[in-house]
Amino acid sequence: MKFHKTHTLKEIANIIQCEYVGDERFPVHGMNEIHVVTRGDIVFVDHPKYYDKALQSAATIVLINKKVDCPEGKALLISDDPFRDFNKLTKHFRPFQSSNTAISESAVIGEGTVIQPNCFIGNNVVIGKECLIHSNVAIYDNTIIGDNVIIHSGSVLGADAFYYKKRPEGFDQLLSGGRVVIENNVGIGALCTIDKGVTGDTTIGEGTKIDNQVHVGHDTVIGKKCLIASQTGIAGCVVIEDEVTLWGQVGTTSGITIGEKAVILGQTGVTKSVEGGKTYFGTPIEESREKLKQLANVKKIPEILNKLNKNDG
């Protein structure tokens with residue numbers, strides 16, 4: 001998430017009431033999670049296991065819960081609770097805006113686009129030309145939709161990321177300030193849910209077609225001309241490259257990559273990153289030919305046991 005203007009380190013420290021290390025005029029351009037940070041971004045870290053990763057990342061401002069040596073060319077924000085203060089910054093720079101109309105006055109809707117009754121179109125939404133948005137679709141604030149997009153009834157674009165920190169009193173949610181971006185010629189079935197990024201974008205690439213009842217987690221990037229069948233669940237921060245096919249009831253773990261033109265057969269659990277250009281099946285995931293051979297061998301076990309028992313007799 002980039003800010004509308006550049007802020008100084010001191011300004012950011014004043015918002016969250018914390019100490020800082022570095023020039024008070026050090027420029028701050030935005031805030032992001034570690035997998036999408038760029039120069040000028042704030043990243044937060046609150047566990048020693050990830051200190052080095054955060055300090056050596058592309059982020060130039062690190063919100064951290066311990067005084068450490070500041071890397072050259074960077075600045076630190078010292079907080080007793082970086083998770084809490086990252087949420088404060090999200091609230092400050094992208095606060096929730098309530099709506100009192102079904103279609104926000106700030107929404108931009110392209111020529112030829114049809115929006116059926118009972119849809120909700122949030123603040124600062126942009127919808128391109130010649131789209132068809134069927135009834136009872138909810139499109140949350142800041143969502144971007146290209147041209148010739150079809151979204152079927154009951155789908156929700158832009159719900160919060162499923163991202164929580166466990167505390168003694170319960171689960172504390174990391175607030176979502178990101179967006180959903182739908183490129184041209186995408187088709188989205190009925191009752192799909194596409195969560196917005198925590199600070200970045202959840203993106204569906206041009207020409208991709210999504211069946212009914214598919215869930216796409218926060219900050220996931222789906223490439224161009226992919227096919228995703230019903231009841232598939234895609235976790236957060238997944239990269240699905242171009243022309244991938246996911247058949248029904250596929251599930252993925254977070255933070256993995258599915259290579260270009262891979263085919264994932266139905267009911268597969270994608271437990272790790274996989275190369276493109278191959279067909280996969282099963283849980284844990286393997287190339288389909290190998291997995292089917294294993295299943296065929298399993299079927300032979302009773303026959304083998306019977307032979308062994310006869311030999312023992």
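Keep in mind that what you see is a predicted model, and the values were worked out from it rather than measured.

1. Quick word on the overall build of the chain
Now for step 1: Scanning the chain for helices and strands turns up five helices and 34 strands.
Now for step 2: Considering only C-alpha atoms, the chain reaches an extent of 85 × 55 × 40 Å along its principal axes.
Now for step 3: For the chain, with 313 residues in total, the buried portion stands at 44%.
Now for step 4: Put simply, of all contacts in the chain between residues at least 6 apart along the chain, 24% involve residues at least 24 apart.
Now for step 5: Here the chain has roughly 16000 Å² of accessible surface; of this, 51% comes from carbon and sulfur atoms.

2. A word on helix H3 (residues 82-93)
Now for step 1: For H3, spanning 12 residues, the distance from its first C-alpha to its last is 16 Å, which sits close to the expected 16 Å at 1.5 Å a residue.
Now for step 2: Listed in full, the buried residues belonging to H3 are Pro82, Phe83, Asp85, Phe86, Asn87, Leu89, Thr90 and Phe93.

3. A short note on the pattern of salt bridges
Now for step 1: Counting across every chain of the model gives 17 salt bridges.
Now for step 2: A salt bridge links Arg167 to Asp81, with the shortest nitrogen-to-oxygen separation between them at 3.1 Å. In this pair, Arg167 is assigned in strand S16 (residues 164-167) and Asp81 in the loop between strand S6 (75-78) and H3, connecting sequence segments 86 residues apart. The same class applies to Arg167 and to Asp81, which are both buried.
Now for step 3: With a closest N to O distance of 3.7 Å, Asp85 and Lys88 form a salt bridge. Taken together, the positions of Asp85 and Lys88, both in helix H3 and three residues apart, correspond to about one turn of that helix.
Now for step 4: Overall, the relative accessible area of 0% leaves Asp85 in the buried class.
Now for step 5: Residue Lys88 is classed as partly exposed on the basis of its relative accessible area of 36%.
Now for step 6: Three or more residues are tied together by salt bridges with common partners; here these are Asp80, Arg84, Asp85 and Lys88.

4. Here's the deal with the sheet that holds strand S21 (residues 201-204)
Strand pairs in the sheet, formed through backbone hydrogen bonds, run parallel or antiparallel to each other.
Now for step 1: Ordered in space as S7-S10-S13-S18-S21-S24-S27-S30, the eight strands form an open sheet in which the pairing is parallel. Both outer strands of the open sheet, strand S7 (108-109) and strand S30 (257-258), are each paired with one neighbouring strand and no more.
Now for step 2: In the sheet, strand S10 (residues 126-127) pairs with strand S13 (residues 144-145) via two bridges, with the strands oriented parallel. Residue pairing in the sheet places Val126 in a bridge with Ile144 of S13.

5. Notes on the domain arrangement of the chain
How big an interface is tends to be expressed through the accessible area that disappears when the partners come together.
Now for step 1: When the domains of the chain are assigned, the result is domain 1 (2-93) and domain 2 (108-280).
Now for step 2: Just the C-alpha atoms count here: the centres of domain 1 and domain 2 sit 29 Å apart.
Now for step 3: Residue-level contacts link 14 residues of domain 1 with 15 residues of domain 2.
Now for step 4: Taken together, both faces of the contact between domain 1 and domain 2 bury some 1100 Å²; the carbon and sulfur share is 59%.
Now for step 5: When the area that domain 1 buries against domain 2 is broken down by residue, the three leading residues are Glu33, Phe83 and Asn87, summing to 48%.
Now for step 6: Counting across the interface, domain 1 meets domain 2 through two salt bridges.
Now for step 7: Here domain 1 is connected to domain 2 by six residue pairs in polar contact (both at pLDDT 80 or more).
Now for step 8: Of all the elements, H3 adds the most residues to the side of domain 1 that touches domain 2, at six residues.
Now for step 9: For the side of domain 1 that touches domain 2, the class distribution of residues is five nonpolar, four polar and five charged.

6. Remarks on the sheet that holds strand S31 (residues 263-264)
Now for step 1: On the basis of which strands lie adjacent, the open sheet formed by 10 strands has the order S8-S11-S14-S19-S22-S25-S28-S31-S33-S34 and mixed pairing. Of all the strands in the sheet, just strand S8 (114-115) and strand S34 (286-287) have a single pairing partner and so form its edges.
Now for step 2: The pairing of S31 with strand S33 (residues 279-281) spans two bridges and is parallel. Looking across to S33, one finds that Val263 is bridged to Thr279.

7. Details of the nonpolar core
General note: in soluble globular proteins, nonpolar side chains tend to be found buried as a group.
Now for step 1: Within the largest apolar cluster, 41 residues are counted, with the highest numbers of intra-cluster contacts made by Ile139, Ile145, Ile151, Ile182, Ile240, Ile258 and Ile264.
Now for step 2: Residues within four places of Ile264 in sequence aside, it is in contact with Thr245, Leu246, Trp247, Val250, Ile258, Val270, Val274, Tyr280 and Ile285.
Now for step 3: Phe3, Val28, Ile61 and Phe86 belong to the second largest nonpolar core, which has 23 residues in total.

8. Side note on the packing of aromatic side chains
Now for step 1: Scanning all chains against the criterion turns up five aromatic pairs.
Now for step 2: Aromatic pair Phe3 and Phe93: ring centres 3.8 Å apart, planes at 20°, arrangement stacked. Taken together, the positions of Phe3 in strand S1 (residues 2-8) and Phe93 in helix H3 put the pair 90 residues apart, joining distant regions of the chain.
Now for step 3: Of the residues examined, Phe3 reaches a relative accessible area of 10% and is grouped as buried.
Now for step 4: On the basis of relative accessible area, Phe93 is assigned to the buried category, the value being 17%.
Now for step 5: On the basis of an interplanar angle of 70° and a centroid distance of 5.4 Å, the ring pair of Phe162 and Tyr164 is categorised as edge-to-face.
Now for step 6: Given a relative accessible area of 70%, Phe162 falls into the exposed group.
Now for step 7: Taken together through their ring pairs, the aromatic side chains of Phe44, Phe83 and Phe86 make up a single cluster.

Parameters and conventions
Starting from 1, residues in each chain are numbered consecutively following that chain's sequence as written. Where totals are concerned, whole chains, interfaces and linings use all residues; where local detail is concerned, this predicted model gives features only for residues with pLDDT of at least 70, and gives and counts side-chain atom pairs only at 80 or more. Each side-chain value is worked out from all heavy atoms of the structure, with water and hydrogens disregarded. What counts as a helix is a DSSP run of H or I of at least four residues, what counts as a strand is a run of E of at least two, and both are numbered from the N terminus. For every residue, the accessible area (1.4 Å probe, protein chains only) is compared with the maximum for its type, and the residue is labelled buried under 20%, exposed over 50%, or partly exposed between those bounds. Should any heavy atoms of two residues lie within 4.5 Å, those residues are counted as being in contact. Using the Shrake-Rupley algorithm and a 1.4 Å probe, accessible areas are obtained, with residue cover drawn only from the displayed protein chains. One less than the residue count of a helix, multiplied by 1.5 Å, gives the span that helix is expected to have. Only one rule defines a salt bridge in this text: a Lys or Arg side-chain nitrogen within 4 Å of an Asp or Glu carboxyl oxygen. Between any two strands, at least two bridges found by DSSP are needed for them to pair. What marks off one domain from the next here is an automatic or database domain assignment. When two components associate, each loses some accessible surface as probed by a 1.4 Å sphere; the sum of these losses over both components is called the buried area. What qualifies as a polar contact is a pair of N or O atoms within 3.5 Å, subject to a donor-acceptor requirement within protein and to the restriction that residues adjacent in sequence count only when both atoms come from side chains. Residue polarity follows a fixed list, in which Ala, Val, Leu, Ile, Met, Phe, Trp, Tyr, Cys and Pro are nonpolar, Asp, Glu, Lys and Arg are charged, and the others, Gly among them, are polar. Residues belong to a common nonpolar core when they are buried Ala, Val, Leu, Ile, Met, Phe, Trp, Tyr or Cys residues joined through side-chain atoms within 4.5 Å. The aromatic pairing rule takes the rings of Phe, Tyr and Trp, using the six-membered ring of Trp, and pairs them if the centres are within 6.5 Å, calling planes under 30 degrees apart stacked, those over 60 edge-to-face and the rest tilted.

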